[in-house]
Structures are given as C-alpha cells and as structure tokens.
Amino acid sequence: MKRHIFSWIIRLLFVLLLSSVGYFGFLLWMKYGKSFSGEVNAAIIGGVIAIVTMVVSSITTYYTTQRSAMITVRDELFRKRLEAYNNLHGILNSIIRANINYFRYMRTEEKDRIEKGAAEFATYYDKNTFYLSEK
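The structure displayed is predicted, hence computed values, not measured ones.

Peer 1: Would you take a moment to explain the packing of aromatic side chains for this structure?
Peer 2: Each aromatic ring pair is described using two quantities: the centre-to-centre distance and the angle formed by the ring planes. Scanning the entire structure with this criterion turns up three aromatic pairs. Centroid distance Y23 to F24: 5.3 Å. Interplanar angle 70°. Geometry classified as edge-to-face. Ring centres of F121 and Y125 lie 6.1 Å apart, and the angle between their planes is 25°; this geometry places the pair in the stacked category. Of the two residues, F121 and Y125 are both situated in helix α3 (residues 108-127); the distance of four residues between them amounts to about one turn of the helix. Positioned over the ring face of W8 is R11, at 4.6 Å from the centre of the ring.

Peer 1: Explanation requested: helix α2 (residues 38-105) in the structure shown.
Peer 2: Working note: α-helix, 3.6 residues per turn, so residues spaced by three or four point in the same direction. Given a rise of 1.5 Å per residue, 68 residues ought to cover 100 Å, and the 99 Å separating the end C-alpha atoms of α2 matches this to within 8%. Along α2, the positions that sit buried rather than exposed are N41, V55, A84, L88, I91, I95, A98 and N101. Residues of α2 that are buried sit in contact with α1 (2-32) and α3. Positioned one or two residues after α2, M106 has a phi angle of 50°, which is positive.

Peer 1: Please clarify how the packing of α1 against α2 should be interpreted in this entry.
Peer 2: Each packed pair of helices is defined by two parameters, the angle between the axes and the distance between the axes. With their axes 12 Å apart at the nearest point, α1 and α2 run at an angle of 170° to one another. With respect to each other, α1 and α2 are oriented roughly antiparallel. Residues W8, R11, L18 and W29 of α1 lie in contact with α2, whose contacting residues are N41, I44, I45, V55, Y62 and Y63. Split into classes, the residues belonging to the contact of α1 with α2 amount to eight nonpolar, one polar and one charged.

Peer 1: Explain the nonpolar core to me, please; I cannot follow it from the model alone.
Peer 2: In summary, soluble globular proteins display a tendency toward joint burial of nonpolar side chains. Among the nonpolar cores identified, the biggest contains six residues, and these are A84, L88, I91, I95, Y124 and L132. Broken down by element, the residue count for this core peaks at four residues, all from α2. Other than its neighbours up to four places away in sequence, Y124 contacts E83, A84, N87, L88 and I91.

Peer 1: Can you walk me through a nonpolar patch on the surface in this structure?
Peer 2: A surface patch of nonpolar side chains, about 690 Å² in accessible area, is lined by I5, F6, I9, I10, L12, L13 and L16. For L12, a relative accessible area of 53% corresponds to the exposed category.

Peer 1: Got a minute to help me understand the side chain of N41 in this structure?
Peer 2: Inspection of the secondary structure assignment puts N41 in helix α2. For N41, a relative accessible area of 17% corresponds to the buried category. When near neighbours in sequence (up to four residues on either side) are disregarded, N41 contacts W29, G33 and F36.

Criteria and cut-off values
Residues numbered from 1 in each chain as written. Predicted model: local features only at pLDDT ≥ 70, side-chain atom pairs only at ≥ 80, totals over all residues. Heavy atoms only, no water. Phe/Tyr/Trp six-rings, centres within 6.5 Å; stacked < 30°, edge-to-face > 60°. Helix = DSSP H or I, 4+ residues; strand = E, 2+ residues; numbered from the N terminus. Lys NZ or Arg CZ within 6 Å of the ring centre and 35° of its normal. Expected span 1.5 Å × (residues − 1). Buried < 20%, exposed > 50% of the residue type's maximum accessible area, 1.4 Å probe, protein only. Contact = heavy atoms within 4.5 Å. Axes fitted to C-alpha atoms, helices over the stretch in contact; angles between N-to-C directions. Parallel < 35°, antiparallel > 145°, perpendicular 65-115°, else oblique. Nonpolar A, V, L, I, M, F, W, Y, C, P; charged D, E, K, R; others polar. Core = buried A, V, L, I, M, F, W, Y, C linked by side-chain atoms within 4.5 Å. Patch = residues over 30% accessible without salt bridge, like charges linked within 9 Å, V, L, I, M, F, W, Y side chains within 5 Å. Areas by Shrake-Rupley, 256 points an atom, 1.4 Å probe, with all protein chains shown as cover. Salt bridge = Lys/Arg side-chain N within 4 Å of Asp/Glu carboxyl O.

What follows is the structure, given as structure tokens:
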C-alpha cells in the first residue's frame, strides 16, 4: 500500500514539475519571443509539441504495458486453476469409483485404493490450495 501511495506522489510531482516548466517557459517565450525570428518561434513551437507528444506517448505506453502484464498474469492464473481443477476431478473420480466398487462388490483391494486416493487428494489439495477456491 505504501508503495502505491509513493508511486502516486512521484507521478504528481512529475506532473507538477512539467506543468511549472511549461508555464514558466511559456511566460518567458511570451516576454522574449517577439525578438525572435519566425523560424526560431516555429522551432520552439515544434519542440514543445515534440515534448508533449513524447510525454503523452510514454504515459500511454506505461499504462498499456501494465494492463497487458496484468492480463497475462490473470490468464496464467486461470490456466493453472483450470489444470488444478481438472486433476482434482480425476482424483475424486477414482475415489468415487473405488467407493462404488467397494460397496457393490465388497472388494477389499478397493478399500486400499480409497485410502490411497484420499491421501493423494489431501496432498494434491495442500500443494494447490492457492489455485483452488474455498467456495
């Protein structure tokens, strides 16, 4: 949270600095610009437009890159969650089949499969708790 506030303070100071430089530069140009030739005034205006374009494009690139990075992380997290749920479904499905076989045919080897499946489920769930929701 502190880092977020710090970055906003830095951004605000940067905008204030650019605004004050622009304001005082404009005042100086209005005061002394009449003594410049037309070519010099055109060069000053072109330079100001170039600086403004650079700042706007830098800000746009920054926000676009941040958004793209967030989307990439979100997609990767979704892929891992999907994989975790798919594997969890397979584990639970094998436990359910073993339960059905145990109660239907009273096979004792199925009881061992149930216990191994339950241990595998617990281990898998502990490893992937981050990707599995509680709801």
